[in-house]
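Each chain, letter by letter, is given below.
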Amino acid sequence: MAHATRIGFGYDVHRMAAGRKLTIGGVDIPYAKGLDGHSDADVLVHAVADALLGAAALGDIGKHFPDTDPRFKGISSLILLRHVADLLASHRFTVGNVDATLVLEAPKIASYVDLMRGNIADALRIPPGQISVKATTHEGLGFIGGGDGAAAHAVVLITAQ
């Protein structure tokens, strides 16, 4: 498997909830609601982690960080992503790039994208130029369009060394 290139796809979704902090891409964003989940519910980082684990055929975040484990209650998803990076390195994979799309109606995240890219890059120990983060709305359709949740998609490229 010398220098085999692999792609991975990740998807995550969380509902919005009052009384929760909104953390996306490791950035705390002021907003009336946050995403609900066992960890910090960072939908973007979860999609990236799942894409990386999938590309390496190492399972998914539920396998590595079960929501039944109290160690992960409220944990920063960037800590989980750092663990994924370490796991990939132990299997001799390097990350080529990450392309992620956040889907949410509000708030607007354009002013936070560079911070998100930097946080993800730091966790993966790669340059921010290898991370793309984009956002779109759901055009008012469904639970995301109604402001009741957010989703994220991520595609990654990894190489076995």
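Coordinates for the structure precede this section.
Residues numbered from 1 in each chain as written. Predicted model: local features only at pLDDT ≥ 70, side-chain atom pairs only at ≥ 80, totals over all residues. Heavy atoms only, no water.

Enquirer: If you had to explain the pattern of salt bridges to someone new, which residues and values would you point to?
Expert: Pairs can form between side chains of opposite charge once their charged atoms are near each other. In the structure shown here, the tally under the stated rule is 5 salt bridges. Ionic pairing is found between Asp69 and Arg71, a salt bridge with its closest N-O pair at 2.6 Å. (Salt bridge = Lys/Arg side-chain N within 4 Å of Asp/Glu carboxyl O.)

Enquirer: Give a description of the sheet that holds strand S4 (residues 33-35) that names residues and reports values.
Expert: Adjacent strands of a sheet pair through backbone hydrogen bonds, lying either parallel or antiparallel. With mixed pairing, the 5 strands of this open sheet are ordered in space as S4-S1-S7-S5-S6. One side of each edge strand has no neighbouring strand; the edge strands of this open sheet are S4 and strand S6 (131-136). Going from strand to strand, the sheet's axes swing by 20° on average, the running direction of each strand aside. (Pairing = 2+ DSSP bridges. Helix = DSSP H or I, 4+ residues; strand = E, 2+ residues; numbered from the N terminus. Axes fitted to C-alpha atoms, helices over the stretch in contact; angles between N-to-C directions.)

Enquirer: Please give an account of a nonpolar patch on the surface that cites residues and values.
Expert: Among the surface-exposed residues, Phe9, Tyr11, Val13, Phe143 and Val155 lie close enough to one another that they form a single nonpolar patch of about 460 Å² accessible area. In terms of residue count, strand S1 (residues 5-18) provides more of the nonpolar patch than any other element does, 3 residues in total. In this fold, Tyr11 is placed in strand S1. (Patch = residues over 30% accessible without salt bridge, like charges linked within 9 Å, V, L, I, M, F, W, Y side chains within 5 Å. Areas by Shrake-Rupley, 256 points an atom, 1.4 Å probe, with all protein chains shown as cover.)

Enquirer: Which residues make up the side chain of Asp50, and what values go with them?
Expert: With respect to the secondary-structure elements, Asp50 resides in helix H1 (residues 43-55). The charged side chain of Asp50 is buried without a salt bridge, its nearest counter-charge being Lys63 at 11 Å. With near-sequence residues (within four places) excluded, Asp50 lies in contact with Phe9, Gly10, Tyr11, Asp60 and Ile61. (Buried < 20%, exposed > 50% of the residue type's maximum accessible area, 1.4 Å probe, protein only. Lys, Arg positive; Asp, Glu negative; His and termini not counted. Contact = heavy atoms within 4.5 Å.)

Enquirer: Describe unusual backbone geometry, and please don't skip the residues or the numbers.
Expert: Residue Pro107 is bonded to the preceding Ala106 through a cis peptide linkage, with omega at 0°. Within the secondary structure, Pro107 sits in the loop between strand S5 (93-103) and helix H4 (113-124). Positive phi, close to 55°, is recorded for Ala57, a residue that is not glycine. Relative to the helices and strands, Ala57 is located in the loop between H1 and helix H2 (61-64).

Enquirer: Account for H4, with residues named and values stated.
Expert: Here H4 contains 12 residues, and its C-alpha end-to-end distance of 17 Å stays within 8% of the 16 Å for a straight helix at 1.5 Å per residue. Looking only at H4, the buried set comprises Val113, Met116, Gly118, Ile120, Ala121, Ala123 and Leu124. Contacts from the buried residues of H4 go to strand S2 (22-24), strand S3 (27-29), H1, helix H3 (77-90), S5 and S6. One or two positions beyond H4, positive phi appears at Arg125, with a value near 60°. (Expected span 1.5 Å × (residues − 1).)

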